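Observations on the model geometry
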Amino acid sequence: MSTEFPRTSALLNAVELANSAPSPGRRRWQWRVSDSALHLHAETNLIGCGAGLHYAQISLAAQGWGTVVTRFPDPLAPNRVATVEALDQREPTTDAVVLATAALTRLTARDGSTRAMSPTLLRTLIAIAGRYGVALHALTELDVGLDTLLALTTVNPDRRAARLATGEAVAAVLLAAETSGVRAELLGSGRMVWRARALLARAMALGAGTPQAVLRAAH
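To continue, consider the nonpolar core. Ranked by internal contacts, the top residues of the largest apolar core, which has 32 residues, are Trp31, Leu38, Leu40, Cys49, Leu53, Tyr55 and Val81. With 8 residues, helix α2 (residues 46-62) is the largest single contributor of residues to this core. Look past the residues within four positions of Leu53 in its chain and what remains in contact with it is Trp31, Leu40, Val69, Arg71, Ala82, Val84, Leu164 and Glu168. Counting residues in each nonpolar core, the second largest holds 25 residues, with Leu142, Ala177, Ala184 and Leu186 among its members.

So, in structure tokens, the structure goes:
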């Protein structure tokens, strides 16, 4: 592919996909686009912000752009959360295209069929979350015929960095589940979240870390 392909179009596409990322609340982040990079700014909702950061990278990879991500690049500007620089153009991998497609279609209507969470997939999701320094815990049994609740916890004392990493892990885990045929979602509020928090309190007593987010995988 030619490196003369305009980065601006790719960056704008990445912002569009990033703004559709799962979030536990209202989107409270902003993207600024330069000639070759995206600059992510946010004051609150860093979990949603982190999910958007992951989606932006997925979009650029699927469009054939290599990226370098710098998180919290300026200590004097704490609301400048990350910079995503598009470096060079290359042939996109099949995995990148599959993930971007899953991100685009994750919220669209499906035929209602979904696989149950398996021990093998759970181990895969635990490994994926671990790449971001985030621990993933199953709070309910996998084989009881009910939805599976998954908690994400961190031990990083830097709260902002921990929440941003949690958001990246949330997006990566949800897309991995989606591409495996398991429907999953980030819980933001409601009775299910309170139930999950009660279960998570037990895990915290065993040293699981600070709770950050709860996911539900439909059976």
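This next bit is on the sheet that holds strand β7 (residues 184-187). An order of β5-β6-β8-β7 is seen for the 4 strands of this open sheet, with the pairing classed as antiparallel. Lying at the two open borders of the sheet, with one neighbouring strand each, are β5 (135-138) and β7. Averaged over all pairs of adjacent strands, the angle between their axes in this sheet comes to 30 degrees, without regard to strand direction. Note that β5 and strand β6 (residues 148-154) share 4 bridges and pair antiparallel. Its bridge partner being in β6, Ala135 is matched across the sheet by Thr153.

This part is about the pairing of strand β2 (residues 37-42). Along β2, 6 of the 6 residues are buried, which leaves the element largely enclosed by surrounding structure. Alternating residues of β2 divide into Ala37, His39 and His41 and Leu38, Leu40 and Ala42, and every residue in both groups is buried. Of the pairings in the sheet, the one linking β2 to strand β4 (residues 80-89) comprises 5 bridges and is antiparallel in character. Note that in β4 the partner of Ala37 across the bridge is Glu85.

A word on the confidence of the model for the protein. Averaged over all residues, the pLDDT of the protein is 85; the fraction at 70 or higher stands at 83%. Across the protein, the secondary-structure element scoring lowest on mean pLDDT is helix α6 (residues 191-205), at 60, and the one scoring highest is α2, at 96. Contacts of residues 1-5 to residues separated by more than four positions or lying in other chains number 9 contacts, the stretch itself having pLDDT below 50.

What counts as what
Residues numbered from 1 in each chain as written. Predicted model: local features only at pLDDT ≥ 70, side-chain atom pairs only at ≥ 80, totals over all residues. Heavy atoms only, no water. Core = buried A, V, L, I, M, F, W, Y, C linked by side-chain atoms within 4.5 Å. Buried < 20%, exposed > 50% of the residue type's maximum accessible area, 1.4 Å probe, protein only. Helix = DSSP H or I, 4+ residues; strand = E, 2+ residues; numbered from the N terminus. Contact = heavy atoms within 4.5 Å. Pairing = 2+ DSSP bridges. Axes fitted to C-alpha atoms, helices over the stretch in contact; angles between N-to-C directions. pLDDT = per-residue confidence, 0-100.

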